Structure formats: structure tokens, C-alpha cells
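# Observations on the three-dimensional arrangement
These are the residues of each chain, in order.
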Amino acid sequence: MSSYQPTACPHDCPSTCALEVERLAPDRIGKVRGAADNSYTAGVICAKVSRYAERVHSPDRLRTPLLRTGPKGSGQWAPIGWDQALDRVADAFLAAERTYGPEAVWPYFYAGTMGLVQRGGIQRLRHVKGYSRQTSTVCDTPANMGWLAGHGDIRGTDPREMAESDLIVNWGGNPVATQVNVMTHVSRARKGRGAKLVTIDPYRTGTAEVSDLHLMLRPGTDGALACAVMHVLFKEGYADRAYLARFAAGTERLEEHLESRTPEWAAAVTGLTVEEITGFARLYGATKRSYLRVGYGLTRSHNGAAQMHAVSCLPVVTGAWQQRGGGGLYCSSGIYSLDRTLAEGLDRLDTRVRSFDQSRIGAVLTGDPRDLKGGPPVTAMLIQNTNPAAICPDSARIREGFLREDLFVAVHEQFMTDTALLADLVLPATTFLEHDDIYRGGGQSHILIGRKVIEPQHESRENHWVIQQLARRLGAEHPGFGMSALEIIDAMLVSSGLPDAEAMTEQRWHDAQPDFETSHFLKGFAFPDGRFRFAPDWAALGPYGGMPELPDHMPPAREADAEHPFRLVTAPARQFLNTSFSETVTAQRREGRPTVLLHSEDAGGLGLAEGDAVRLGNPQGSVVVHAKPFDGVPRGVVIVEGIWPNTAFVEGLGINTLTSPEPIPPAGGAAFHDTAVWLRRA
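### Details of the overall build of the chain
- Across its full length, the chain carries 27 helices and 27 strands.
- C-alpha atoms of the chain, sized along the principal axes, occupy 70 × 60 × 55 Å.
- Looking at the chain residue by residue over its 682 residues, the buried ones come to 63%.
- Restricting to contacts in the chain with at least 6 residues of sequence separation, those with at least 24 account for 75%.
- As presented, the chain carries roughly 23600 Å² of accessible surface, and 48% of it is formed by carbon and sulfur atoms.

Okay, structure coming up:
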């Protein structure tokens, strides 16, 4: 007889939904639904996760450990047993250590699961053994730095307060596709208060389609728009000067600086009209309960951190932080105080060990001296929870690195991803339904426990077990290696002053949202003087310079030019989540194939019709996709949605062949949307 079991979504989406999963048998699930009694999830989940039975029971799940038998990347494999497979991994790690020292081993991971135990255990092995560290930059570092620069902490208005707003500004996100729960609370505000939704994005996304106003600006010009809006706010009396006097530093300098940042100036930069800029500024200034919901999109450019900071200044200038349903949110990570010492082995962390930028994996694996930092080459890797051959920039160079004969790579995965195809050994991994873990929200405020719902499929093993087994073979000693995942969860909760694992399982989640005044920074921003910083100390946040002293338009690094006249944006696809779900039949059918959206006049000028094969290129390489004329994009801008597997492209080269791994200042990050390309018929 079936029953519904509580758990939480592990995927790298800010929602971290509370779920209820139908268990049909000890090893089989049925329907997946959102928990109606969770105040954020509110019974609503995305279509991707509602179809999770298709993913967990896919015939393409990896079933047993596989050893490469042919050339690297040939797809020739032979099944082997788990003990033999783990012995091979350990032998490769020990050989690398004997030859070059422990820094020749690079455990590599990211956010395929957001569970703190199953994701973090690889860190414990790294720290105990002294393997090369990882600086995780590929997703949120520029956004984090931009928000921290002004606020001093990564938190903001409770997202459930959107239901009490009169204006929601969705800037740089597409929640219809990537965080559907935002739209639940937007809908409540629209129905209950007549609230308006404004979307600011370089193309007409699903969210833009249902918005009251869409500002379709050029990619990488968000900072200019924010400055012009603030110019109007000061000029036309919308700035809350009493609030600024109490809570902001550098207001006079900012206002003087903005004198020349007029709507006319911004129109020339952004491609918007003066009327669009002025109209939005007046709407925002006149609406006290305005909620700024900032996404990641505007930060995936060389000027991303600067743009985030400029945009985040808006609710400070108007004093919207004082209002219920006002202020803003980028991420809630700063509200949690979970003690991850045991899970990640932070008590064994040695910051003298070199750390590689995960976004620059191609440069690391091909031996760029700047990245190796005077140390040995990487000759052994274990990869969990990520697919760098597809998701990281400069993917042709990444492939070159993986094909080195002196590099051993083991990939622990659920499916045969692009990265797994380039490995020496592939290990089958559990999904979140087949192990215990604990999660924290990014775009909401709950800590959620996820207990195992069904038994592992085939011979799949959880990350935690694999790390334990390798630690035993490698002579790595730490209390966490002798504990079950649930025991680590229990210890983490207790040491964090929270209910233990048994109590958390009973109550299902814990709401960590601070009180109204803390959430709205009404006790002060997180600096010694309690004031927001219009002129941040960028040098304190990272080593890369070139940041504007005050909010401004910081030009992108790769502007379009005569040889590369188009700006490429690699936006998320509705049916995929990074590369997760790209392996399911329904998602593939609904997305179709890799496609480039370009303005119909640009298509006409190139003699292209819908469905024509098109080659996009720049000095890093070229890829072939199919054209789709679309007037919901500015001229000179092209959009390729979704991180498709490289194998889905005509020539086997994915879209990140074209993106640059050069770090975003001040602290790094991948500039996926800062790419200039040429385009022609294939």
C-alpha cells in the first residue's frame, strides 16, 4: 500500500522545496508533490521535480561501477565490483601522493546535491589528507560579493513578505522557470493587493511574459539602469533622506556622482528609452512597499559584482527597507548558523594548501602556471555532484585536460554525463530519495531534513559511504568517517543549538528567518557603524581590482565588435536545472534541441529561417545550433537556453566552448553572459 513520505528537494534552486513523495514499494516511488503546510513551498513545486519518478527510475541510471577499457572518451567500459573500484581510486591517489605530494590530488565537487552531509564529505577527505583545495566560484561568488559590498551580510526581507508588497521587481531572474515558488507569493500580492510585477532582463522570458512591465536592456548594462533610476529618485524627491541619514554612508558623494548618470546617459548604454527608465524610476519611487527580488543573471558578466551592488542600492535610497513587504532579497544564506565542522572536516582545514578556482578547471588540468601556483600538476581526481565538462567555461580546454594520459579521474554520478564519459572509472550514485541528508534554503528560510524514502537503485551508493570507504583505504582518520550520515546530521543540529535529528524528522523543518527588524536591517547593516556602503571596500572582498568606487556602469569585458557583433547569453532552460534533468525523456522532448534565439531582423540580415543550422564562434571555438527568430530579444543579442549535454550538439561541442574562464572581480566567478560571438549559416 502506498504512502507519502516527507523529504526536501536537493537541487541547486533557491526554493529548496518541502516535498511529499509517494512510496509505492521499498524501492519505488510514484507521485511527488509540494508540502502544502510549508509556508514557503505552499504545495507548489516545479514540473521537473513533480516528474521525479522518471528520473530516479530511468533506464539510463548507472547501475554498477564501470572501468574504462578503451581510449579516454571512447565510451568503452567493463563492469567491476565496488571493492575493486575503490581500491583503484585509492591506489591512484596514493601514487599521486608518492610522486608529487598530496596537492597532486584534487577532489572536485559542487551543487548536484545541496545536502550538507552528502555534498560536504568530500571536503572532509580533502582537509584530512591535505589535498588541493577548491575555491567554488562557478555560480554565486560575484552575486555574493556584490550584495556583501553594501550590506555586510547575505540576507534580506523574508520572501513570504512578497505577498504583502505593492510592487515586486524581478531583476535578473526567471522564476517561472527557475524558482516557481516566487511566483506563488507574487500571485498572492497581485490578487490581494493589486501589486505590479516588473521584470528586468535582456530577453522576454516566461516571467517577463506575465509581468506588468518588462525592461529589455542590453546584457551587462544593469548598473547603468540602476544609476539612472537613483538619479531620478534623488532629483524628483523620492529619496528618503531621513532614512539615508541614519542608515547609509556616503550619500552626498553618491548623489553628486549620479548628477551625470541621467536617463539619457543610461538610454544610450542600455538600449532602453528615456521614457522607460524614467517611468520605472517613478513607479519604484512612488511605491513604498517595493520588493526587489534579485537573481543571478545580472552577475554572470565581468561586471557582475558591480552590477549587483548598484542594483542593491535602490531600496536604501527609497527607504523601502522600513516597510513590511519592502526591501529586497538576493539570498538567505547569512541567516543560518549550522555548524559544518564535523561534516566538512573544518577542524583539519589548512589554508596554506593551495586552492584552485573551480571555474578554471581547464587551465588547471592543462597546467597553466598561474593556476598551479608553483605546485605539482593534478594527476588524480574524484568528482562528485557536478559535471564540469559541460557546466564550466572554456569546455574545449577542459576536455583537453581530462584526456591527459597521466591524469586519473573517478566520477561518482547518477548518469553517464559528459564528465563521466571522460573518466577512467565511473561509480553509480544514489539520488536524494535513497539516502539521508539535511538542507538549508537559499531563496527561503527553512532548514529541512530529508530521510531516505526508498532503497538505493541497482548498485548505487551514497556519497558519504564512498568517502568513508576511501578514507579507510587512504589511512585518513576523522570522527566523521566512522559515523553514519544521520549521526552527522544529529551532531550538526545539536552543536548548532537546534532540535536533534529525531525531533527534526518529526517536525520536518525549522524556520530560521530572523525577526522583522533584523531581516530588514533596521538594527543596522552588518558593518561596525551599521550603515549601508555606497562606496564599498572592494579590496577587502577579493584580490581582483578594477571595481568602480561608487555605483556605476562598469563595462563588460567582452563587448561586441566588428568581428564579433553579437552578445551571447546562455540562460537557463525551463525543463533543465544546469545539466540535471537533461537526461530525462520528457525534458528533452519539451526543450527540443539546442537553439539560438535571435531577433528576426538579425536573422533576416543573415538569410536565416527557423530551423536553419547556425554556427556561433569566437577565438575559443565554435558550436552549431539551430536558429529561431524571436522578437523578444534586442538586436545584436542572441540567447541559447539550457546547458545541454555536449553530445546534444551537432559536433559534440557544447555552448560553454564559447564562454571565458577569466575571473570576475573582486573574488572570481564565471562570466557566462559576457561573451561576444560571430554568427553565420553552418
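### Considering the nonpolar core
- Ranked by size, the top nonpolar core spans 60 residues in total, and within it Trp-171, Ile-200, Leu-225, Phe-280, Val-316 and Phe-534 carry the most contacts.
- When residues of this core are assigned to their parent elements, the largest contribution, nine residues, is made by helix 9 (residues 222-235).
- Setting aside chain neighbours within four positions, we find Val-316 in contact with Tyr-243, Leu-244, Ala-248, Trp-321, Phe-525, Phe-532 and Phe-534.

### A short note on unusual backbone geometry
- Between Pro-665 and Pro-666 the backbone carries a cis peptide bond, its omega angle lying at 10°.
- Along the chain, the position of Pro-666 falls in the loop between strand 26 (637-640) and strand 27 (675-681).
- One non-glycine residue, Ala-42, adopts positive backbone phi at about 55°.
- In this fold, Ala-42 is placed in the loop between strand 3 (28-34) and helix 1 (47-50).

### Details of the sheet that holds strand 22 (residues 566-569)
- The strand order around the closed barrel built from six strands is 22-26-23-25-24-27, with neighbouring strands paired in mixed fashion. Within the sheet, the average angular offset between the axes of one strand and its neighbour, ignoring direction, is 45°.

### Thoughts on the packing of aromatic side chains
- One pass over the full model with this rule turns up 17 aromatic pairs.
- Between Trp-106 and Phe-356 the ring centres are 4.9 Å apart and the planes differ by 75°, which places this aromatic pair in the edge-to-face class. Here Trp-106, found in the loop between helix 3 (82-100) and strand 6 (108-109), pairs with Phe-356, found in strand 14 (residues 355-357); they are 250 residues apart in sequence, far enough to count as distant. Per residue, the accessibility class of Trp-106 equals that of Phe-356, and both read buried.
- Here the aromatic rings of Phe-280 and Tyr-284 are separated by 6.2 Å at their centres, their planes lie at 40°, and the arrangement is tilted. Of the two residues, Phe-280 and Tyr-284 are both situated in helix 13 (residues 274-286); the distance of four residues between them amounts to about one turn of the helix.

### Points about the sheet that holds strand 9 (residues 196-200)
- The strand order across the open sheet built from five strands is 10-9-8-12-13, with neighbouring strands paired in parallel fashion. The sheet terminates laterally at strand 10 (213-215) and strand 13 (327-329), the two strands that pair on one side only. When strand polarity is set aside, the average angle formed by the axes of neighbouring strands in this sheet is 15°.
- Here strand 8 (residues 167-171) runs beside strand 9; their pairing, made up of five bridges, is parallel. Note that in strand 9 the partner of Ile-168 across the bridge is Leu-197.
- Contacting strand 8, strand 9 and strand 12 (290-294), helix 7 (residues 180-193) runs over the sheet at an angle of about 140° to strand 9.
- Contacting strand 8, strand 9, strand 10 and strand 12, helix 13 runs over the sheet at an angle of about 130° to strand 8.

### Quick look at helix 14 (residues 304-312)
- Burial of helix 14 is extensive: nine of the nine residues sit out of reach of the surface.
- On its buried face, helix 14 is in contact with helix 5 (141-151), strand 8, helix 9, strand 12, helix 15 (314-318) and strand 21 (532-533).

### Observations regarding the pattern of salt bridges
- Counted by the stated rule, this structure contains 43 salt bridges.
- Across the salt bridge formed by Glu-255 and Arg-241, the nearest N and O atoms sit 2.9 Å from each other. Here Glu-255 is found in helix 11 (residues 251-257), whereas its partner Arg-241 is found in helix 10 (residues 241-247), with 14 residues between them in sequence.
- Looking at Glu-255, the relative accessible area reads 24%, which means it is partly exposed.
- We note a salt bridge from Asp-674 to Arg-567, for which the minimum N-O separation is 3.4 Å. Placement of Asp-674 in the loop between strand 26 and strand 27 and of Arg-567 in strand 22 is noted, with a sequence separation of 107 residues between them.
- The exposure class of Asp-674 is buried, given its relative accessible area of 0%.
- What emerges from the salt-bridge pattern is a single network uniting Arg-360, Asp-368, Arg-370, Asp-371, Arg-397 and Glu-662.

### What to know about the environment of Arg-360
- In this structure, Arg-360 sits in the loop between strand 14 and helix 17 (361-365).
- We classify Arg-360 as buried; its relative accessible area is 6%.
- Arg-360 sits 222 residues away from Val-138 along the chain, and the two C-alpha atoms are 8.9 Å apart.
- Setting aside chain neighbours within four positions, we find Arg-360 in contact with Asp-368, Arg-370, Asp-371, Pro-661, Glu-662 and Pro-663.
- Engagement of the side chain of Arg-360 in a polar contact is seen with the backbone oxygen of Pro-661, the distance being 3.4 Å.

### A short note on the side chain of Asn-463
- Among the secondary structure elements, Asn-463 is positioned in helix 22 (residues 463-474).
- Looking at Asn-463, the relative accessible area reads 6%, which means it is buried.
- Side-chain polar atoms of Asn-463 contact the backbone oxygen of Gln-118, separated by 2.9 Å.
- Among the polar contacts made by the side chain of Asn-463, one reaches the side chain of Asn-385 at a distance of 2.8 Å.
- When sequence neighbours within four positions are dropped, the list of residues in contact with Asn-463 reads Thr-113, Gln-118, Gln-384, Asn-385 and His-412.

### A few points about the packing of helix 9 against helix 12 (residues 263-270)
- Interaxial distance between helix 9 and helix 12 falls to 9 Å at its minimum, and their mutual angle equals 165°. As judged from the angle between their axes, helix 9 and helix 12 are roughly antiparallel. The crossing of helix 9 and helix 12 is left-handed. Of the residues in helix 12, those touching helix 9 at Ala-224, Leu-225, Cys-227, Ala-228, His-231 and Val-232 are Pro-263, Trp-265, Ala-266, Val-269 and Thr-270.
- When grouped by side-chain class, the residues that make up the contact of helix 9 with helix 12 number nine nonpolar, two polar and no charged.

What counts and what doesn't
Residues numbered from 1 in each chain as written. Predicted model: local features only at pLDDT ≥ 70, side-chain atom pairs only at ≥ 80, totals over all residues. Heavy atoms only, no water. Helix = DSSP H or I, 4+ residues; strand = E, 2+ residues; numbered from the N terminus. Buried < 20%, exposed > 50% of the residue type's maximum accessible area, 1.4 Å probe, protein only. Contact = heavy atoms within 4.5 Å. Areas by Shrake-Rupley, 256 points an atom, 1.4 Å probe, with all protein chains shown as cover. Core = buried A, V, L, I, M, F, W, Y, C linked by side-chain atoms within 4.5 Å. Pairing = 2+ DSSP bridges. Axes fitted to C-alpha atoms, helices over the stretch in contact; angles between N-to-C directions. Phe/Tyr/Trp six-rings, centres within 6.5 Å; stacked < 30°, edge-to-face > 60°. Salt bridge = Lys/Arg side-chain N within 4 Å of Asp/Glu carboxyl O. Polar contact = N/O pair within 3.5 Å; in protein donor to acceptor, adjacent residues only side chain to side chain. Parallel < 35°, antiparallel > 145°, perpendicular 65-115°, else oblique. Left-handed = near helix turned anticlockwise from the far one by under 90°. Nonpolar A, V, L, I, M, F, W, Y, C, P; charged D, E, K, R; others polar.

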